[in-house]
2 protein chains.
Amino acid sequence: MAASKLARGSGVALWRQIAAELEAEISDRHFPPGGRLPTEHELAERFGVNRHTLRRAVAALEEKGLVRIEQGRGTFVQGGTIDYAVGKRTRFSENIRRQAREPSGRLVRSGRFAADGDVARGLGLRRGTQVILLETVGMADEVPISLGSHYFPARRFPGLIDAFTQTGSISAALSEAGVEDYWRKSTRVTARLPHDNETELLEMPRTRPLLICDSVNVDQDGDPIEFGRGRFVADRVQISLESL
Amino acid sequence: MAASKLARGSGVALWRQIAAELEAEISDRHFPPGGRLPTEHELAERFGVNRHTLRRAVAALEEKGLVRIEQGRGTFVQGGTIDYAVGKRTRFSENIRRQAREPSGRLVRSGRFAADGDVARGLGLRRGTQVILLETVGMADEVPISLGSHYFPARRFPGLIDAFTQTGSISAALSEAGVEDYWRKSTRVTARLPHDNETELLEMPRTRPLLICDSVNVDQDGDPIEFGRGRFVADRVQISLESL
DNA sequence: ACGTATTTGTTCGTATGTATC
DNA sequence: GGATACATACGAACAAATACG
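Residues numbered from 1 in each chain as written. Chains lettered and ligands numbered in written order. Predicted model: local features only at pLDDT ≥ 70, side-chain atom pairs only at ≥ 80, totals over all residues. Heavy atoms only, no water.

Caption draft 1: Summary view of the protein's contact with DNA strand D. All names here are of chain B. Around DNA strand D, a shell composed of 13 residues is seen, among which R8, L14, H52, T53 and R73 lie nearest. Within 4 Å of the protein, the contacting atoms of DNA strand D are 70% sugar and phosphate, with bases supplying the remainder. Measuring from a phosphate oxygen of DNA strand D, one finds a side-chain N or O atom of T53 at 2.6 Å. Here R73 contributes a side-chain N or O atom positioned 3.0 Å from a phosphate oxygen of DNA strand D. Ranked by the residues each element gives to the surface near DNA strand D, the list is headed by helix α3 (residues 51-63), at three residues. When the residues that make up the surface near DNA strand D are grouped by side-chain class, the tally is four nonpolar, five polar and four charged. (Near = heavy atom within 4 Å. Polar contact = N/O pair within 3.5 Å; in protein donor to acceptor, adjacent residues only side chain to side chain. Helix = DSSP H or I, 4+ residues; strand = E, 2+ residues; numbered from the N terminus. Nonpolar A, V, L, I, M, F, W, Y, C, P; charged D, E, K, R; others polar.)

This is the structure we're talking about:
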């Protein structure tokens with residue numbers, strides 16, 4: 001790896017360049033999660049800068065929550081990203097627990113709306129048809145992972161919001177409405193930068209990308225019962241499509 | 001075009017009326033997908049409002065995903081994005097042609113390297129084992145879509161680079177090496193911002209995210225023959241996992 | 001490598017209308 | 001009516017990213 005990607009006097013402070021490079025290497029898993037970074041001395045030598053300069057870069061990474069600094073021990077790459085398995089049957093809690101993390105969630109919005117573009121298309125409804133929205137933030141070990149918007153045909157699930165607030169679970173609420181089982185019909189993945197309200201709810205920097213995962217769930221008869229749009233903090237989760 | 005469709009003091013905020021008008025014109029293809037909207041200054045003048053008011057309208061369109069705003073460049077109509085279908089058998093050219101676009105590609109790098117982290121893990125090799133790398137830029141209608149790094153075990157495919165430069169196709173090159181068919185065993189999707197060389201090769205802004213798609217392909221016996229890392233420009237493509 | 005023009009992004013301040021208590 | 005909060009709209013200036021010669 002070239003040690004001298006640094007552009008001195010380029011208008012970008014050296015520590016910013018170093019921080020960006022280190023961040024990229026962490027994101028690349030060149031420095032794996034949980035692992036220790038080289039010592040400050042080693043890194044300073046590699047980049048050809050003073051240790052003060054390097055410390056400024058690492059401090060920036062710590063502020064972003066990418067690394068954890070322990071005096072006398074070293075600098076460690078923060079929390080392994082979650083491997084979120086998307087399959088025919090995808091449940092948030094199971095997924096998080098499989099990663100040996102503690103799942104939790106909270107409802108941030110709910111209500112009845114008129115379906116438009118993607119929602120109407122996903123559920124196979126005409127634009128303007130009423131749908132129920134449940135919007136939740138999913139967390140692992142109290143760290144926000146995802147913001148999920150779940151849309152259901154209002155005609156078929158009139159009491160869904162109450163059922164959800166009582167059970168705290170979407171699958172349980174659907175079960176009360178007579179849907180024993182359901183599975184994923186299609187999945188579409190994109191990426192974009194977060195909006196302001198998303199950065200707040202997900203406690204993330206404005207500069208880091210989101211992974212958007214749209215899905216349609218159908219019941220036993222193949223009728224669409226849910227259109228879901230999950231927004232995952234790309235730095236904290238990766239989506240895995242193992243053996244669908 | 002009527003400049004004064006705006007009804008001031010009608011109970012509907014000006015910015016909402018402007019957003020609706022612009023949305024109609026986008027849907028009309030008056031502003032075609034991929035094209036640039038007039039500047040904020042021009043639009044503000046056309047509607048006879050302050051730039052703030054216009055910006056509020058355009059922000060609403062961005063939130064809906066109809067346009068994409070790039071500082072210093074302009075506002076671009078979103079859409080015409082490629083739906084890249086990932087399945088058991090995923091071939092770039094077929095995928096692009098299915099979208100009624102003309103696929104092309106070029107080799108940007110190739111060589112022999114020692115496998116490290118993800119590559120070694122994906123191919124089930126020990127770290128340090130030699131692998132062949134083929135790195136290509138994939139384009140649709142001459143617009144760069146993806147940057148793909150394809151790693152193969154060097155021991156099994158010693159002449160792969162020559163075969164590829166002759167045929168220009170990975171599947172054809174593998175076929176020459178005796179691999180009749182192969183399919184995808186696993187897929188992992190993440191997102192991050194691009195590195196500098198990626199922005200150059202993909203002709204994209206530094207501020208827009210990449211969709212990273214890691215995959216492992218296996219042959220008839222289930223042996224890994226390729227580890228691939230595709231980097232897709234998130235604004236130009238979405239990944240679809242229909243009916244795996 | 002550098003300056004200039006263009007375009008979007010941000011932050012002041014000010015004023016007005018509307019809904020609520 | 002009065003007080004308050006909030007969304008809307010306008011104006012000016014500057015910051016930041018980009019494009020171009």
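Having seen the structure, we can now continue with the description.
Caption draft 2: How the structure looks around the interface of chain A and chain B. Listed by partner, the interface residues are 29 residues for chain A and 25 residues for chain B. Linking chain A to chain B there are zero salt bridges. At the boundary of chain A and chain B, one finds four residue pairs in polar contact (both at pLDDT 80 or more). Of all elements in the fold, only α1 (14-27), β7 (183-192), β8 (210-218) and β10 (237-240) of chain A reach the threshold of two or more residues within the side of chain A that touches chain B. Of all the elements, β7 of chain A adds the most residues to the side of chain A that touches chain B, at eight residues. Considering only residue class, the side of chain A that touches chain B consists of twelve nonpolar, nine polar and eight charged. Where β7 of chain A lies against strand β10 (residues 237-240) of chain B, two bridges are found, and the strand directions are antiparallel. (Contact = heavy atoms within 4.5 Å. Salt bridge = Lys/Arg side-chain N within 4 Å of Asp/Glu carboxyl O. Pairing = 2+ DSSP bridges.)

Caption draft 3: Structural detail: the sheet that holds strand β6 (residues 143-153) of chain A. On the basis of which strands lie adjacent, the open sheet formed by eight strands has the order β4(A)-β5(A)-β6(A)-β9(A)-β8(A)-β7(A)-β10(B)-β3(B) and mixed pairing. Of all strands in the sheet, those bounded by a partner on one side alone are β4 (103-114) of chain A together with β3 (82-85) of chain B. Each adjacent strand pair in this sheet contributes to an overall mean axis angle of 20°, direction not counted. Pairing of β4 of chain A with strand β5 (residues 130-140) of chain A, which is carried by eleven bridges, proceeds in the antiparallel orientation. Bridge pairing links P103 of chain A to A140 of chain A in β5 of chain A. Docked against the sheet, helix α6 (residues 160-167) of chain A engages β4, β5 and β6 of chain A, running at close to 20° with respect to β5 of chain A. (Axes fitted to C-alpha atoms, helices over the stretch in contact; angles between N-to-C directions.)

Caption draft 4: Up close: the packing of aromatic side chains. Inspection of the entire model under this criterion finds eight aromatic pairs over all chains. Ring geometry for F152 of chain A against F157 of chain A: centres 6.2 Å apart, planes inclined by 80°, an arrangement best described as edge-to-face. This pair shows no difference in class: F152 of chain A is buried, exactly as F157 of chain A is. Members of the aromatic cluster, connected to one another through ring pairs, are Y84, F92 and F232 of chain A. Cation over ring: R56 of chain B sits above W15 of chain B, and NZ or CZ is 3.9 Å from the ring centre. (Phe/Tyr/Trp six-rings, centres within 6.5 Å; stacked < 30°, edge-to-face > 60°. Buried < 20%, exposed > 50% of the residue type's maximum accessible area, 1.4 Å probe, protein only. Lys NZ or Arg CZ within 6 Å of the ring centre and 35° of its normal.)

Caption draft 5: Summary view of the domain arrangement of chain A. Domain assignment breaks chain A into domain 1 (14-77) and domain 2 (82-241). The centre of domain 1 of chain A, based on its C-alpha atoms, is set 35 Å off from the matching centre of domain 2 of chain A. (Domains from an automatic or database assignment.)

Caption draft 6: Focus on empty space enclosed by the protein. Residue and element names in this part refer to chain B. With the rule as written, the count across this model stands at one cavity of 30 Å³ or more. Its volume calculated, the largest cavity comes out at about 30 Å³. Residue lining of the largest cavity: L37, P38, T39, E40, L43, V58 and T75, and that is the complete set. When grouped by side-chain class, the residues that make up the lining of the largest cavity number four nonpolar, two polar and one charged. (1 Å grid on protein atoms, 1.4 Å probe; cavity = no way out; pocket = protein on both sides within 12 Å on 5 of 7 lines; lining within 4 Å. Points joined across faces, edges and corners; volume = space filled by probe spheres on them.)

Caption draft 7: Structural detail: helix α2 (residues 40-47) of chain B. Residue and element names in this part refer to chain B. Residues E40, L43, A44 and F47 constitute the buried set of α2. Down the axis of α2, the buried set is contained in an arc of 100°. They therefore lie on one face. Facing away from the buried side of α2 by more than 90 degrees, the exposed set consists of H41 and E45. Those residues of α2 hidden inside the fold are in contact with α1 (14-27) and α3. G48 lies just past α2 and shows a positive phi near 70°. (Arc of directions from axis to C-beta.)

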